[in-house]
Every structure is written in C-alpha cells, then in structure tokens.
Amino acid sequence: MAPAEILSGKAVSAQVRERLKKQVAEMKEKFPGFTPGLAILQVGNRDDSNLYINMKLKAAAEIGISANHIKLPNTATEAEVLKCIASLNGDPAIHGFIVQLPLDSDKPINTEKITNAVSPEKDVDGLSSINAGKLSRGDLGDCFIPCTPKGCMELISQTGIQVAGKRAVVIGRSKIVGAPMHDLLLWNHATVTTCHSKTSTLAEEVGKADILVVAAGKAEMVKGEWIKPGAIVIDCGINHVPDSTKASGKRVVGDVAYDTAKEKASYITPVPGGVGPMTVAMLMQSTVESAQRFLEKFQPGKWNIQYNQLTLKMPVPSDIEISRSCIPKPIDQVAKEVGLLPDEMELYGQTKAKVQLSALKRLKNQPDGKYVVVTGITPTPLGEGKSTTTIGLVQALGAHLHQNVFACVRQPSQGPTFGIKGGAAGGGYSQVIPMEEFNLHLTGDIHAITAANNLVAAAVDARMFHELTQNDQALYNRLVPSVNGVRKFSEIQIRRLQKLGINKTDPTTLTKEEVNMFVRLDIDPATITWQRVLDTNDRFLRKITIGQSPTEKGFSRTAQFDITVSSEIMAVLALSDSLDDMKRRLGRMVVAASKRGEPVTTDDLGVTGALAVLMKDAVKPNLMQTLEGTPVFVHAGPFANIAHGNSSVLADKIALKLVGKDGFVVTEAGFGADIGMEKFFNIKCRYSGLRPNVVVLVATVRALKMHGGGPAVTAGVPLPKEYTEENLQLLAKGCSNLSKQIQNARMFGVPVVVAVNAFKTDTKAELALVVQLAKEAGAFDAVECTHWAEGGKGAVALAQAVQRASQTPSNFRFLYNVELPVIDKIRLIAQQIYGASDIELLPEAQEKVTLYTKQGFGNLPICMAKTHLSLSHDPEQKGAPTGFILPIRDIRASVGAGFLYPLVGTMSTMPGLPTRPCFYDIDLDPLSGEVNGLF
C-alpha cells in the first residue's frame, strides 16, 4: 500500500488560528469594546515554561486575544497562588485561564488543589475535576477538553474518516492526554480500548485499532509491524534519542517508530510538527469558545428570566400579606438572570444585594434601552399610586410581554414608616419585595448618609470652636503636626493652599499671613446652612440649642435637625455618576460663608475624603425584585421639594445597559409632574446626559374630582360621597389639572401616556371620560389600569401603550439654558410649568440672587421648593390656576448636588409624629422573626 498521508499539525493549526482570528474580529465588531481575555499564571521561572508561555502569548496576539501573563516568584506559597487564582476567577475581562505546569516553587503546593481552584467556566486547559467529570459522562458541550486530546480530534477530523463505529486504541492513561482522549473518542461513538504499561498484549491490541493514539512517553515503543493496515496514527510523544549526526547530539522522536509505521498507516502525525502545534491552537480555540459562552450568557438583550405566578385574591389582602405570600427568588439568581457577574454583586442576605459600579464600566459600550419616567397629576394627600403604577408597569412589560425591564425607585425614609404613612414599596399586587426589607434599613445607605452628614456638622462646630480658642500658630501646629520631626500637609490641605493661591508644599515655608489664611475659615455662624440629620420623625428637634456643656466654654448657638433624606448628601448620591464624581460633589458642598462673604466648603473643612469613605458602599445601587420577579434597583431617596425627588443616576445608567437597546427602564419622579418631572428633566437628565423616551402620567378619578372643587381629602378620614359616587361634572372640571400636566410633559418634547389608576368606586363612565379628555389634551394614549388588584396583568394595556409611544420620536429639550440669570430661570418655571403670571422675590431672596451670582453659582439649575398639593404656591388652589404671582421667600444653594433651590412658602424638613403613629401596629414575632404591622 501507499505510504501514509502526513497529518501536519503546523498546517492545520495555521488554519485554526486564521479561523479564530476572523471569529474574534467579528466578535469585536458586534460587541464594541469587547476582547476575549486569556490569563496565564506561572509560578517560578523554568526555562521550558517560559518557552511554552511565549508561544501562547504570541499565538494570542496574532488572533486578537488579550493575553495576560502573571508571574509569581518561586517563593510563592499555596495560599498566595490560590489568592491570585481567586482574583483571576472573578475578573470579567478574563475568559480563559490556565496555570502553567509544573509549579516551580520551593514551597509545598498541591497541584491538584491548584488546578481545581480555577473556575470551571474559565478552565480552558480542561484540567479541573469538574471539567474532567463532565467529559467522562459525555457533557461535551458544557465543558472544556484538555488541549492535546482536543487537537488530536481536530487532526483526526482532517482525514474525513468518521470516528463513529471505529475501533480506537489509546496508549497512556494520564489525566492530561490518555484518560480524556479515551472519553473523547468514546463519546464520539468509537469503541475504545485503553492500554498502558501493564497491558500484556499490547501489540495485539494495537493491531486491532482503526484509530491509534499514543501518549506513552517512551521513544518509538510502538513498532510499525504492530499497526493495522490503513489505520490513523496520532503520535503525542516527544522524546530525545542520541544522534551523532545532529549538532546537539540528539534528535526528537515520538512514541511510534515513524519510518516503519508510515508504511502501514493511512494517516500519521510527524514528530515534531504533528500534535505539538495543535495544543496551542486548541488553547486559543477554547479561549474563544469561552468568550462566546460569556457573551451568550451575559449579553444584554438576552435575558432568560423566571417570573413568579401571582395567585390573585379578592378582596385584595393587605400589602404585607401579599408580600409574604410570594417567595422571592434568591437575589443572586435575579442578578444572574439580568446579566450581572458574580464579582459584581455584594449579597446582603438572600433578597437584596449591592451592585458594583464596575458593571457600568464593563457595559459601557452597550446601547441603552428605552427610558420611561412615571409622574402624576397634582395629588391628594393620599397619593395617586405612582410607585404602584411603576411596579405594575414593569411587571406587565416583563412577566406578561416578556421584555427586558428594570424598575428604578427611591429608597423610602424610615421616618414615615413609623410615623403616619407606613411602608412605601408600591402596593397591592404591584410591590417591591420583601416590603419589610425595603422599608427598614435596606443595606444601610440612609444610615451612611446620616453619619456623613453629621460628621460635617460636627466639623463645622469643632472648627469654629478651635478657631475661637486658639491663636494662629497654635492652630497651625495642630492642623499640621510634627510627626517624628517631620511636618507634612495632607492632600486635602494642599488643595486648600492652592485654592488660596499659596503654591507651597513645605509647611515650614509659609509666612505669617499665609498661615493666617490657611488656618482661619472664619465662619459666620449666622450663615451656617448645614444641619444635623436623623431618619426619625421628631418635631422637638426642629429647633435646638447646641454647645451648652461647660466644655464648650459658652460657645452655643441655635440649630436644628432635619430628616436624613433632606440632606444634601442624599441629593449628591442621587446625582453622582461615579465614585469620583460623588467625591468631587461632596467636596463642593457649601456649609456656610466666611465673615468676608466667601463660601466655606466641606473641602475647606478637610472632611471630603472621610465623607467618601463613609459613602463608598452607599454609592452602589441596591438590587431587589417585584412580586412577579422582575428586577428593581432601589437607590437614593432625595426630598422632592428642597431636592429633586428622583432615584439615582447610577441605578438608571446600569439598568439601561443591562436591559439592552430593546429593553425598558422605568423610573419614578416624586410628587406631581410640575415638581418631580420638571426636576427630572431639568436637573437629573441635564447631569446624567440621559434622554427620556416616554412620560407616564398617573391620574385618579378621586384626585381629578378634588381639582374640580370636591371637598378636602384627609389621610385617615373616610372619603366624602363626592369621591365614591359618580359625578361626571365634577370630574370633567378637575381634568383641567390633567390637561395642564400633559401640556407640561409635552413642553419637553416627550410623548405622554396617561395611566388612569382605577379604584373600585370609579364607574366605567368616569374612567372613560378621563381617557377621552386625556387624549383630547394631547396624550399619546390614555389607559385604564388595575395593577393594584391584578398585578402586571392589570397594566398590560398600559405597557403596550408605552411600547408604542417609545417607538415615536422623542424630541427632548430642556426648559431653560442654565446660563440665563437666576431670576429668569425661576420665572420660566413659574410661568411655563405652574401657570403664574410672574414672580416676586422677597428681600432675602433678592440678596441671595446677588450673593450666589457673585460666588459663581448663578449658572446652576433651579430646584423649586413649593407645595406639591397645587400647581401654585397655595395648597388650597386646585385645578389649573393662572394669573397668580409666585412669591419667592428665600433661595438656598446645594452646590455639591448642583442646584439652587428657591423657597416658595415654608418647607418643613423634619416631620413630626401624629397622635397615633404607625409604630403602635409594628411588632416583631419572636418565634418566626417576622415583622408585623407594616402596610
């Protein structure tokens, strides 16, 4: 017969590399910013290992794989190697990861333990027990195969001969070649015999083989005459034998006597140049396969999500009963379903987790989804169900229409939970769960804000005290102490020097005048705007006297406590788009003015870095879920009057990337459209750069009747009959408020869908009238919703309307240019949004306009602080009043957050407790650990 055809590993591996190069290029084009990543961990400095690693690095670079060579010294301990492996396992940029063997360490290291520590999903060498186990049971599509057997199979496939039904013999049983080669041939339907050093009839067994794979490690042990005529022979051996004709005195041979074997075989691999080149090529192929699996698993736009089936009951039970009736999915499962990586999660028990900001960096090149904001008409004191509508809408979009969708909502203050309002997690069958976790502590963000805020307050009073009781030199010696004979400015002190125009870094070189400038903030107590905070309703902290202890030497002053969510730090958290941005904003916060009229900031106090440390975890969004299993980010909860009343920019940005270009992110703006929505557009969208696609405007029949002249609505008091009986005339008159709020939304160039949140007392005629008048007022659509009673099912029509509206052009625009004078910006909001004829600035407000303009804050956006119960400044004026003069009592600055807030009337920033607070009903069951009494 003719001599065997040569199976050249060099030629086949070149074809494989070229194919992989094209696949990687396509991957990068389809997913901009994505590159397959390979990590090679080496312990020690063996010459042969260095040679092999260089071959792998070169191949990776040629294909377009980002290869990272991590080299530990030969003094590395097993613990150090395992720590390095854990870090690489958690790196989302690494898709393939190998440990170069042997480990060259002078410390005892268990190689099996090391190879098994590599994450099976990244074990492209296929050496872990999990991958070996999957291969042995035939799970070929769900494991990585060791590179040499994989290369052998590729060479066999090049012959065009079917493996199925053939008799195969494997000589050798190592974990790296022999054993996996046996399994691979077996699951490709060959009949396989494994031979080894103890096989007594080796020649006889070889003679039966249609396919022979030899990995014995013995030079030319398989003789040509043993081989079955026409067999495929794959020689994995690399051995050195003496050869005086070679310069080195030796030559490389395989485990098969090549010269005689090629006369019997139909195909044979040479040594060298056969299996060897294939091993590196297969490592590259496995790395590319791993990257492809990663993209399939974590690609935005391809969620494989498990929804919860609701069991609806009538009458609708209490919120806490409904919440308890649904078993939440483990939060790590929710994270996995939406494409978050394990290392991007910080679990807080089974039902909530924080999300690392690294997720946003990983997803930065992904397109954003559709951005929907839920707002409302001017509400009654009972609220009109914006939160419930937000959750009902995302449940409809997700669980019923199978869209990728995220809700992004504010974290509620604990004050109202124990005060008059109770819990706030949506309601009925449209809730965030577990509601007790949502309402109580969550992950501690509000407590972090309390600590940070009060650290600033303490720093203000302490600095004033020390400046009043010490001379310049004593202050300087304490602010810049000598440590071991060396005085050194801290980084934040150097920033203060630069702000003062003192370009010195040696503390000993400052002049007396420079020392005076440096140590004296010279705070004017009358200008202090920074208050202490507490997340509890406590009316007796609204005005207090501090500094009454004898140790404060008579330096007392009048101060107050606010509720924590009114702190500027909460607004900073909500508007920051990175950790760096948050730190800069924290440093810019103005706490008072000096006696020279200059702003004093937290950076001047030297507290910026400490604030960032206290807030470093709070900046990460909190992941929860709805009753029907759709994901929710709960993050930040700024006041909607003295602040902008929206959840965080970071939560929205991460969610928009996770849902993918066809998905939806639904967020909520506090109070009515004239307040929360206007601030969402003019402040939040201005800073975030995000552009909304749809406004959902929530309306209720009862609120519209109130705007039509119905009697007062009071929390805790039964509704008058005007609200429980059909009254179309009253309703039609009140729709003036709905029309105005639709007009307000359309002013920003965004389509409006009206959600008519139906109550059981509403009649069909009343609901139909609201839908009709909403459409006549310019709404894209208006839809009756029953999501409180039916969950997502009751908001399907709303979700479909939102889908249609999102496909229309959104010509978003801001209401004003921030470069306009402060007064002009306020006037535009008052006239265009509220319907005022003009504004009137009281003397204190006029002084602040002059001061803030002089201090360089005049180009900040405006955050109006006014009542939410009317479009005007008077809560008794319902409907859509016009022609009124809007009085501006005062203007204050949240410079860190980035806005000025004019005060229209008096704003309470510390609620009080009612006669019968909610805490009467709240209790803990000591047996089950369940919280009772939330509603």
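What counts, and at which threshold
- Residues numbered from 1 in each chain as written.
- Predicted model: local features only at pLDDT ≥ 70, side-chain atom pairs only at ≥ 80, totals over all residues.
- Heavy atoms only, no water.
- Helix = DSSP H or I, 4+ residues; strand = E, 2+ residues; numbered from the N terminus.
- Buried < 20%, exposed > 50% of the residue type's maximum accessible area, 1.4 Å probe, protein only.
- Contact = heavy atoms within 4.5 Å.
- Areas by Shrake-Rupley, 256 points an atom, 1.4 Å probe, with all protein chains shown as cover.
- Lys, Arg positive; Asp, Glu negative; His and termini not counted.
- Charge placed at Lys NZ, Arg CZ, Asp CG, Glu CD.
- Disulfide = S-S within 2.5 Å.
- 1 Å grid on protein atoms, 1.4 Å probe; cavity = no way out; pocket = protein on both sides within 12 Å on 5 of 7 lines; lining within 4 Å.
- Points joined across faces, edges and corners; volume = space filled by probe spheres on them.
- Nonpolar A, V, L, I, M, F, W, Y, C, P; charged D, E, K, R; others polar.

**Quick look at the overall build of the protein**
And then number 1: Each helix and strand counted, the protein has 34 helices and 37 strands in total.
And then number 2: Here the C-alpha coordinates of the protein stretch approximately 110 × 80 × 55 Å along the principal axes.
And then number 3: Expressed as a percentage of the 935 residues in the protein, the buried residues total 56%.
And then number 4: By sequence separation, contacts in the protein at least 24 residues apart represent 74% of the contacts at least 6 residues apart.
And then number 5: Accessible surface, the protein: about 38600 Å² in total, of which carbon and sulfur atoms supply 53%.
And then number 6: The averaged location of the 93 negative side-chain charges in the protein is 2 Å from the averaged location of its 100 positive side-chain charges.

**As for the state of the cysteines**
And then number 1: In the structure shown here, the tally under the stated rule is zero disulfides.
And then number 2: Here Cys236 is not disulfide-linked; the sulfur of Cys152 is the nearest cysteine sulfur, at 3.5 Å.
And then number 3: We classify Cys236 as buried; its relative accessible area is 18%.
And then number 4: Unpaired in this structure, Cys785 has its nearest cysteine sulfur neighbour in Cys735, at a distance of 15 Å.
And then number 5: Under the relative-accessibility criterion, Cys785 is labelled buried at 0%.

**A word on the layout of surface pockets**
And then number 1: Considered as a void within the structure, the second largest pocket measures approximately 1400 Å³ in volume.
And then number 2: For the second largest pocket, the lining is made up of 43 residues, of which Tyr52, Thr148, Ile238, Gly276 and Thr279 are closest to its centre.
And then number 3: The set of elements that each furnish at least two residues to the lining of the second largest pocket consists of α1 (9-30), α2 (47-63), β4 (96-99), α6 (147-158), β9 (239-242) and α10 (275-298).
And then number 4: Residues belonging to the lining of the second largest pocket are distributed by class as follows: 24 nonpolar, 12 polar and seven charged.

**Concerning unusual backbone geometry**
And then number 1: Note the cis peptide between Met314 and Pro315, where omega equals -5°.
And then number 2: Mapped onto the fold, Pro315 is located in the loop between α10 and α11 (319-325).
And then number 3: A cis amide bond links Ile433 to the next residue, Pro434, at an omega of -10°.
And then number 4: Mapped onto the fold, Pro434 is located in the loop between β17 (430-433) and α16 (435-439).
And then number 5: Phi is positive for His189, which is not a glycine, with a value near 75°.
And then number 6: Of note, His189 is situated in the loop between α7 (178-186) and β6 (191-195).
And then number 7: One non-glycine residue with positive phi stands out, namely His402, at about 60°.

**Details of the environment of Glu5**
And then number 1: Tracing the backbone shows Glu5 in strand β1 (residues 5-6).
And then number 2: Each C-alpha atom, one on Glu5 and one on Pro720, is 96 Å from the other, the two residues being 715 residues apart in sequence.
And then number 3: In contact with Glu5, other than residues within four places in its own chain, are Ser266, Tyr267 and Ile268.

**A short note on helix α25 (residues 649-659)**
And then number 1: By the criterion of burial, α25 is predominantly enclosed, with 11 of the 11 residues buried.
And then number 2: When α25 is considered as a whole, its buried residues turn out to be Val649, Leu650, Ala651, Asp652, Lys653, Ile654, Ala655, Leu656, Lys657, Leu658 and Val659.
And then number 3: Directly beyond the C-terminal end of α25, a positive phi value near 80° is found at Gly660.

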